[in-house]
Amino acid sequence: MNGSLSEAPSPLRELGGDRLRAHAAEALTRARRRSTALTDAVDDEDLVRQHSKLMSPLVWDLAHIGSQEELWLVRDVGGREPLRPDIDDLYDAFRHPRADRPSLPLLGPSEARAYVAQVRDKALDVLAREPMEGRRLTEAAFAFGMITQHEQQHDETMLATHQLRQGEAVLHAPPAPSRRAGALPAEVFVPAGPFVMGTSVEPWALDNERPAHEVHVDAFHLDTTPVTNGAYLEFLESGGYDERRWWSEAGWEYRTAHDITAPRFWYRESGGWWRIRFGVREPVPADEPVVHVSFYEAQAYAAWAGKRLPTEAEWEKAARFDPATGQSRRYPWGNEEPTAEHANLGQRHLGPAAVGAYPAGASALGVHQLIGDVWEWTSTDFHGYPGFAAFPYREYSEVFFGPEYKVLRGGSFGTDPSAIRGTFRNWDYPIRRQIFSGFRCARDAQVRG
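Residues numbered from 1 in each chain as written. Predicted model: local features only at pLDDT ≥ 70, side-chain atom pairs only at ≥ 80, totals over all residues. Heavy atoms only, no water.

A separate point is the environment of glutamate 156. Among the structural elements, glutamate 156 can be located in helix H5 (residues 142–164). The class of glutamate 156 is buried, set by a relative accessible area of 11%. With 121 residues separating them along the chain, glutamate 156 and serine 35 place their C-alpha atoms 9.4 Å apart. Setting aside chain neighbours within four positions, we find glutamate 156 in contact with Arg34, Trp375, Ser412, Gly414, Thr415 and Phe436. (Helix = DSSP H or I, 4+ residues; strand = E, 2+ residues; numbered from the N terminus. Buried < 20%, exposed > 50% of the residue type's maximum accessible area, 1.4 Å probe, protein only. Contact = heavy atoms within 4.5 Å.)

What follows concerns the side chain of arginine 32. Mapped onto the secondary structure, arginine 32 falls in helix H1 (residues 17–40). The class of arginine 32 is buried, set by a relative accessible area of 12%.

For the pair H1 and H5, interaxial distance at closest approach is 9 Å and the crossing angle is 20°. Of the possible angle classes, the one that applies to H1 and H5 is roughly parallel. The two elements H1 and H5 cross, and the hand of that crossing is left-handed. Residues Ala24, Ala27, Leu28, Arg30, Ala31, Arg32, Arg34, Ser35, Leu38 and Thr39 of H1 lie in contact with H5, whose contacting residues are Phe144, Ile147, Thr148, Glu151, Gln152, Asp155, Glu156, Met158, Leu159 and His162. (Axes fitted to C-alpha atoms, helices over the stretch in contact; angles between N-to-C directions. Parallel < 35°, antiparallel > 145°, perpendicular 65-115°, else oblique. Left-handed = near helix turned anticlockwise from the far one by under 90°.)

Before going further, it helps to spend a moment on the side chain of arginine 425. With respect to the element layout, arginine 425 can be found in the loop between strand E12 (402–409) and strand E13 (426–428). We classify arginine 425 as buried; its relative accessible area is 1%. Engagement of the side chain of arginine 425 in a polar contact is seen with the side chain of glutamate 312, the distance being 2.7 Å. Beyond its immediate stretch of four places on either side in the chain, arginine 425 contacts Asn208, Glu209, Glu312, Phe382, His383, Gly384, Tyr385, Val407, Leu408 and Arg409. (Polar contact = N/O pair within 3.5 Å; in protein donor to acceptor, adjacent residues only side chain to side chain.)

Here we have 3 strands laid out as an open sheet, ordered E2-E5-E15, and antiparallel in their pairing. The open sheet has two edge strands with one neighbour each: strand E2 (187–190) and strand E15 (442–444). Across this sheet, the average inter-strand angle for adjacent strands is 25°, counted without regard to direction. Sheet topology note: the strand E5 (residues 220–223)/E15 ladder contains 3 bridges and is antiparallel. Of the residues in E15, the one forming a bridge with phenylalanine 220 is aspartate 444. (Pairing = 2+ DSSP bridges.)

What follows is the structure in structure tokens.
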């Protein structure tokens with residue numbers, strides 16, 4: 001690796017002993033508060049109902065969170081006796097597709113709540129007693145970080161289920177901030193050259209983020225902000241959904257087979273465009289990033305705009321590389337953990353913020369809102385980095401490698417800070433629209449438009 005290039009160290013590595021245990025306990029507790037709020041927001045009938053075949057009943061997600069915590073923290077790290085080995089199969093995500101889960105003999109709401117509470121008590125006891133060293137699984141409390149991230153990821157999934165449910169609004173949050181930055185350029189130039197992609201030093205990074213490796217990226221231009229509803233509306237109203245030339249073969253087949261004519265949850269009424277957001281009907285705001293679009297829709301918009309989607313490497317270089325130091329930062333703004341000034345994360349708000357709302361979160365190259373607001377589609381298929389090694393189990397990442405999945409980056413308003421960083425990789429089928437997905441565009445530096 002080039003000696004002038006490096007990745008920033010992680011402050012978590014400096015924690016030890018009681019400070020590390022306290023940090024892990026706080027992360028677990030914050031995740032559980034959110035899981036509780038998402039499941040307590042609805043009645044038991046809503047908890048057991050399947051609101052979409054794309055999603056599990058909320059009560060399945062809740063008990064699955066507890067099952068994974070029991071498997072890894074109570075049984076593996078703690079070496080304790082199993083609490084409920086009889087339900088291992090029910091909550092194995094690989095054994096039962098989401099569409100089939102309502103027909104399983106699942107734990108009921110009260111039983112699921114009691115189970116996850118019992119597991120948490122034992123997991124915290126393990127955290128207090130077991131050494132946080134000597135095994136890769138426990139080094140720097142990795143297993144506790146992994147389970148925290150797993151719970152927060154399911155919390156975001158449950159939030160997406162709330163978006164799909166019918167009925168009155170049950171979730172509430174203050175509105176996201178309006179634009180704070182001054183006039184922003186439409187694009188940022190990212191110079192050619194190598195940078196360090198991925199990480200070998202972030203203790204809670206997951207296997208697909210590892211190892212750090214040097215990647216050369218050709219010069220390109222990247223949108224300063226995610227594509228907004230207003231910009232996307234121009235594509236829509238120009239007939240973009242009806243013009244075959246903007247769409248890939250697979251994208252056009254998907255669009256026509258499912259009669260896709262606008263982002264999910266949009267509808268036209270009284271000459272304007274409206275959306276449904278967690279049970280609230282409201283006009284589509286022009287200055288927010290577009291959300292609930294598939295990879296194919298993002299790809300078609302980019303073609304219409306004379307651009308393309310960025311590669312994953314391009315996205316990460318724009319987000320992490322500091323040309324003044326040659327260092328890849330932990331986050332676009334630097335190495336400190338996200339705050340409310342940096343990014344729209346943690347379900348603090350129930351939607352994306354206006355573009356330009358987080359000037360403190362801009363990258364060294366001047367790109368805004370790379371973390372939070374909306375997951376951003378890239379053009380890259382999901383795969384392992386050179387030197388990838390599955391840990392602690394193949395089913396987290398490796399079984400998904402291949403051309404069926406596209407990489408998304410950056411997190412959304414529904415992503416917790418513990419489950420996002422400059423190296424974090426998400427992936428999904430290119431048809432997915434119920435997730436909080438948006439995008440920004442790129443173009444080669446030599447292309448003039």
